Amino acid sequence: MEKYNAETYGQRIADIYDDWYPSPEGPSIALLSELSHHGRALELGIGTGRIALPLKSHGIDISGIDASPAMVEKLRMKPEGKDIPVTIGDFSEVPVEGLFDLIFVVSNTFFALTTQKLQLKCLENVARHLTKNGSFLIEAFVPDLDRFDRGQTVRATDVRENEVRIEISKHDSLKQQVTSQHVVLTEKGVRFYPVTIRYAWPSELDMMARVAGLKLVNRWCDWVRTPFSANSGRHISVYEL
Ligand SMILES: C[S@@+](CC[C@H](N)C(=O)[O-])C[C@H]1O[C@@H](n2cnc3c(N)ncnc32)[C@H](O)[C@@H]1O
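Residues numbered from 1 in each chain as written. Predicted model: local features only at pLDDT ≥ 70, side-chain atom pairs only at ≥ 80, totals over all residues. Heavy atoms only, no water.

**Q** Can you help me understand the overall build of the protein chain in this one?
**A** When you go through the protein chain residue by residue, the secondary structure sums to six helices and eleven strands. Rg of the C-alpha trace for the protein chain: 18 Å, near the compact-globule value of 18 Å for 241 residues, within the 12% margin. Principal axes of the C-alpha set define a box for the protein chain whose edges measure 50 × 40 × 35 Å. Counting contacts in the protein chain only where the partners sit at least 6 residues apart, residues at least 24 apart contribute 58% of the total. (Helix = DSSP H or I, 4+ residues; strand = E, 2+ residues; numbered from the N terminus. Rg over C-alpha atoms; globule rule 2.2 N^0.38 Å. Contact = heavy atoms within 4.5 Å.)

The structure is reproduced here in structure tokens:
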């Protein structure tokens, strides 16, 4: 995907993002609210405001960063979406002013930074923007390389009467990158939704965080704080200075 960059994912998926990814359940909003201590919160990759809008309605002073004008346009079209400050830019740079009590990146969005160098740069910039007692939260999957057969996978993600969705992915184990196309076939034609990610195991995230001056203080496998274990498929990790 020669022309793929930080904007591409959001620009392509903005029109259907909210249909594919409905609003979250209460526990995520409750945990994020608690960690914000009702101070300032910043979401990296705020997108259409799926998380930010419920936080705002809980009285949280939330702002965000996103690379995709099309995703932010969807946020702006929603009630209260106009009032959330959003910086269009690359969240690896954390291109905003001031300090935050909570910085968070959910829905595997941290892995949208496609190299270790960019991920480390992001963590270093996050550390510079946290208050002394502030928290940085990541929600991400735990890599599962069994998904791949000789470096690739093709799987049907949805089959309906008039629509089929297929995920086609290539895995680069040296770069820890997965390049995917989510292909939607309907009677009207074919749509492509590309995404490239660079995955990292929790241990690598912890090491990068330490290099950036952050230490792990909590890790759960869901938003109701179930302890993380070797069987967990995802994690919610909280770091502090
Ligand atoms: C999977 S969506 C998540 C959106 C929102 N956080 C949610 O949970 O619904 C990822 C978002 O991150 C944005 N994004 C991806 N890479 C980015 C980057 N390097 N800098 C800023 N935003 C980025 C995309 O445009 C998209 O809006």
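**Q** How do you make sense of the environment of T131 when you look at a structure like this?
**A** Here T131 lies in strand β5 (residues 130-141). A relative accessible area of 18% means that T131 is categorised as buried. With 52 residues separating them along the chain, T131 and P79 place their C-alpha atoms 30 Å apart. Ignoring anything within four residues of it in the chain, the contact list for T131 reads L99, F100, D101 and L241. (Buried < 20%, exposed > 50% of the residue type's maximum accessible area, 1.4 Å probe, protein only.)

**Q** Just to check I follow, could you spell out the side chain of D206 for this structure?
**A** In this structure, D206 sits in helix α6 (residues 202-211). Among the polar contacts made by the side chain of D206, one reaches the side chain of R219 at a distance of 2.7 Å. When near neighbours in sequence (up to four residues on either side) are disregarded, D206 contacts L216, R219 and Y239. (Polar contact = N/O pair within 3.5 Å; in protein donor to acceptor, adjacent residues only side chain to side chain.)

**Q** Would you explain helix α5 (residues 116-128) in this entry?
**A** Since the α-helix turns once every 3.6 residues, residues separated by three or four places project in the same direction. With 13 residues, α5 should reach 18 Å at 1.5 Å per residue; the first-to-last C-alpha distance of 19 Å fits that figure. Among the residues of α5, Q119, C122, L123, N125, V126 and A127 are the ones counted as buried. Structurally, α5 contributes buried residues whose contacts are with β1 (40-44), β4 (100-105), β5, β9 (189-198) and α6. (Expected span 1.5 Å × (residues − 1).)

**Q** Would you mind going over the site of the ligand with me for this structure?
**A** Around the ligand, the surrounding shell holds 22 residues, and the nearest of these are Y17, E43, G45, R50 and D66. Within the contact set of the ligand, a nitrogen atom lies 2.9 Å away from a backbone nitrogen or oxygen of F91. Within the side chain of S107, one N or O atom sits 2.8 Å away from an oxygen atom of the ligand. A total of 600 Å² of accessible area belongs to the ligand in isolation, and the protein chains cover 96% of it. Of the residues forming the shell around the ligand, the biggest block, three residues, is contributed by helix α1 (residues 8-20). For the shell around the ligand, a count of residues per class yields eleven nonpolar, seven polar and four charged. (Near = heavy atom within 4 Å. Areas by Shrake-Rupley, 256 points an atom, 1.4 Å probe, with all protein chains shown as cover. Nonpolar A, V, L, I, M, F, W, Y, C, P; charged D, E, K, R; others polar.)

Purely spatial values, then, with no claim about function.
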